[in-house]
Amino acid sequence: MTAPDETPPPGPPERTPPPAKPPAKKAAKPARKAARQPAKGAARQPAKGAERQPAKDPARATKKASAKKAATKKATPRKTAAPGAAAPSRAASPAAASPTSAGPVHDVVVVGAGPAGSSCGYWLAEAGWDVVIVEKKVFPREKTCGDGLTPRAVRQLADMGLEDALAGAHRYSGLRAFGFGHSMEMGWPQHPNFPDYGYTITRHDLDGIVASRAAQAGATLLQGTEVVAPVLDESAPRIGSLPALTGVSVKDKESGETRTISARYVVIADGSNSRVGRMLGTSRRRELPMGMALRGYYTSERHDDPFIESHLDIRDNDGNVVPGYGWIFPLGDGRVNVGVGLLSTEQRWKGINTTTLMDAFVDYAPASWGIRPETSLGPPTGGKLPMGLSVGPRAGANVVIAGDAGGAINPFNGEGISYGYETGRLAAAALGHALSGEGTPALLTYDRELTAAYGAYYKVARAFVHLISHPEAMRVCVGLGMRSEPFMKQLLRIMANLMRPDAAGPAELGYRALELVSRLLPDPDGLERSAA
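Everything numeric in this text was worked out from a predicted model, so none of it was measured.

Participant: What is the right way to read the packing of aromatic side chains from this model?
Facilitator: In this description, a pair of aromatic rings is defined by centroid distance and the angle of the planes. If you walk through the whole model with that rule in mind, you get twelve aromatic pairs. For the ring pair Phe412 and Tyr457, a centre distance of 5.3 Å and an interplane angle of 55° mean the geometry is tilted. With Phe412 in the loop between β19 (399-401) and α7 (417-438) and Tyr457 in helix α8 (residues 440-468), the pair connects residues that are 45 residues apart, well separated along the chain. Given a relative accessible area of 3%, Phe412 falls into the buried group. By way of ring pairs, the aromatic residues Phe412, Tyr419, Tyr454, Tyr457, Tyr458, Phe464 and Tyr511 are connected into one cluster. Note that Arg335 overlies the ring of Tyr297, its terminal NZ or CZ placed 5.1 Å from the centroid.

So, in structure tokens, the structure goes:
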């Protein structure tokens, strides 16, 4: 224990969730409209931008008055594709359709109501800003995911006042790891900023809960509404590599109506494929690691197991070790989420059939789970996952990219939900500053904040991914590690990004050493250049 007059030993950089809230909108802003449509679970939100979900908090519901002040007014949105060689091509960025009406100019429009979009929308609305969240699906809806919430994700949900909403979800205490004939159970480590437990809950249920929370805070939630094109502001100078926008063109999927939603700032949070991001010119650094995952649901008598399970030595049909892992996550409702994930570079995926790999893992999984074709609840689904902030640019004159759309997934373990919540919150803070008068520089600061929060950590993670891409190196690392429970517990702390900021234990010192070594290794990172 450190004496009061002693300086504690240095620890790793603070890796807590983004603590900042967006600056609150001044009292002069219009209050939220008194007449709103009630939230009814999966009921569709009205297509009209003036109609909103009610705030459950009566005090918040009374905060509304009339129209926007003149300071928020904007010119009529442009309806053309991005010009110039540096801009996305016209084929990739179709012109926005003509709006049915000019409509109000909102503070922010968020594309996508997944973890990043709903988190961003919540924090902006909670601070009083006029935000519209556009989601092409109607909640509840299916979403391919491992369905596991780590302590980092739980912290973000608690900060949004949602942990009570997880009361029906399955709470688990840690990780059970298998590899090369060894197994061990490891509880989540103690941490001053994060809980020592997690939850499993399907994205089918989770995403609607968080989106509804944003609506309760005052955001307009438009479900069943697809963004068909960004609306470019040709009169604005290009700052950075992303074009300036006046809003987005959307289509109501039920009525077919197309209109424009105008906003001062736009957040792109439409997931790992990010169609809208690609329209604006985002792209993935192909030399950086990429994830691929496939998952399915099975019935199991062990559906309420207190540990999630990870298998670190998955193999193909020929018995060759594959760079990745298999998982079995109990959901507590009679089902388990079973999947395989590859953490590698694209070149090493050649010849790997993920469906065959999934079948091999199902055959290989411990018999006590009862995972077999007869207990399957349907064919598995999956996709590719950009990792380690590999997608950019992530900020422009009045546009930011958040969550999976910016490649925010942790390369160490493929975790994306918590980083969606965190980057959405960081984006909200930057937008709050921009709306408060700081303008574009606040958005460029957002990109630097991402690099400061995750850049060094993800560089170490990328080096780790490249290492385990070599089967023999993976066999040696995992085989030796699984013989030492203390070592694996410290490795879990690093891979889950749960190093303590107030101590310098083995995990913290080990990470420091890895970070120093990673600085000497070549890395086609380019994070610092993405905001240029």
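Participant: Explain the packing of α8 against helix α11 (residues 506-520) to me, please; I cannot follow it from the model alone.
Facilitator: Axis angle and axis distance: for two packed helices, these are the angle between their axes and the distance between the axes, and together they describe the pair. Between α8 and α11, the least distance of the axes is 9 Å, while the angle of their chain directions is 80°. Relative to α11, the element α8 is oriented roughly perpendicular. For the pair formed by α8 and α11, the contact residues are Ala456, Tyr457, Lys459 and Val460 on the first element and Tyr511, Leu514, Glu515, Ser518 and Arg519 on the second. Split into classes, the residues belonging to the contact of α8 with α11 amount to five nonpolar, one polar and three charged.

Participant: Help me out: how do you make sense of a positive patch on the surface in this one?
Facilitator: A surface patch of positive charge is lined by Lys136, Lys137, Lys143 and Lys253. Mapped onto the elements, Lys136 comes out in the loop between β2 (131-134) and β3 (148-149). Note on Lys136: relative accessible area 43%, which makes it partly exposed.

Participant: Can you walk me through α7 in this structure?
Facilitator: Structural remark: α-helix, 3.6 residues per turn; residues separated by three or four positions point the same way. Between its first and last C-alpha, α7 extends 29 Å over 22 residues, near the 32 Å set by a 1.5 Å rise per residue. Positive backbone phi, at 65°, marks Gly439, one or two positions downstream of α7.

Participant: What is the right way to look at unusual backbone geometry in this model?
Facilitator: What you tend to see is this: most non-glycine residues have negative phi, and most peptide bonds are trans. Cis geometry is adopted by the peptide bond preceding Pro140, which originates at Phe139 and carries an omega value of -5°. Of note, Pro140 is situated in the loop between β2 and β3. A cis amide bond links Gly392 to the next residue, Pro393, at an omega of -5°. Tracing the backbone shows Pro393 in the loop between β18 (391-392) and β19. Positive phi, normally seen in glycine, also occurs at Ser274, with a value near 35°.

Parameters and conventions
Residues numbered from 1 in each chain as written. Predicted model: local features only at pLDDT ≥ 70, side-chain atom pairs only at ≥ 80, totals over all residues. Heavy atoms only, no water. Phe/Tyr/Trp six-rings, centres within 6.5 Å; stacked < 30°, edge-to-face > 60°. Helix = DSSP H or I, 4+ residues; strand = E, 2+ residues; numbered from the N terminus. Buried < 20%, exposed > 50% of the residue type's maximum accessible area, 1.4 Å probe, protein only. Lys NZ or Arg CZ within 6 Å of the ring centre and 35° of its normal. Axes fitted to C-alpha atoms, helices over the stretch in contact; angles between N-to-C directions. Parallel < 35°, antiparallel > 145°, perpendicular 65-115°, else oblique. Contact = heavy atoms within 4.5 Å. Nonpolar A, V, L, I, M, F, W, Y, C, P; charged D, E, K, R; others polar. Patch = residues over 30% accessible without salt bridge, like charges linked within 9 Å, V, L, I, M, F, W, Y side chains within 5 Å. Areas by Shrake-Rupley, 256 points an atom, 1.4 Å probe, with all protein chains shown as cover. Salt bridge = Lys/Arg side-chain N within 4 Å of Asp/Glu carboxyl O. Lys, Arg positive; Asp, Glu negative; His and termini not counted. Charge placed at Lys NZ, Arg CZ, Asp CG, Glu CD. Expected span 1.5 Å × (residues − 1).

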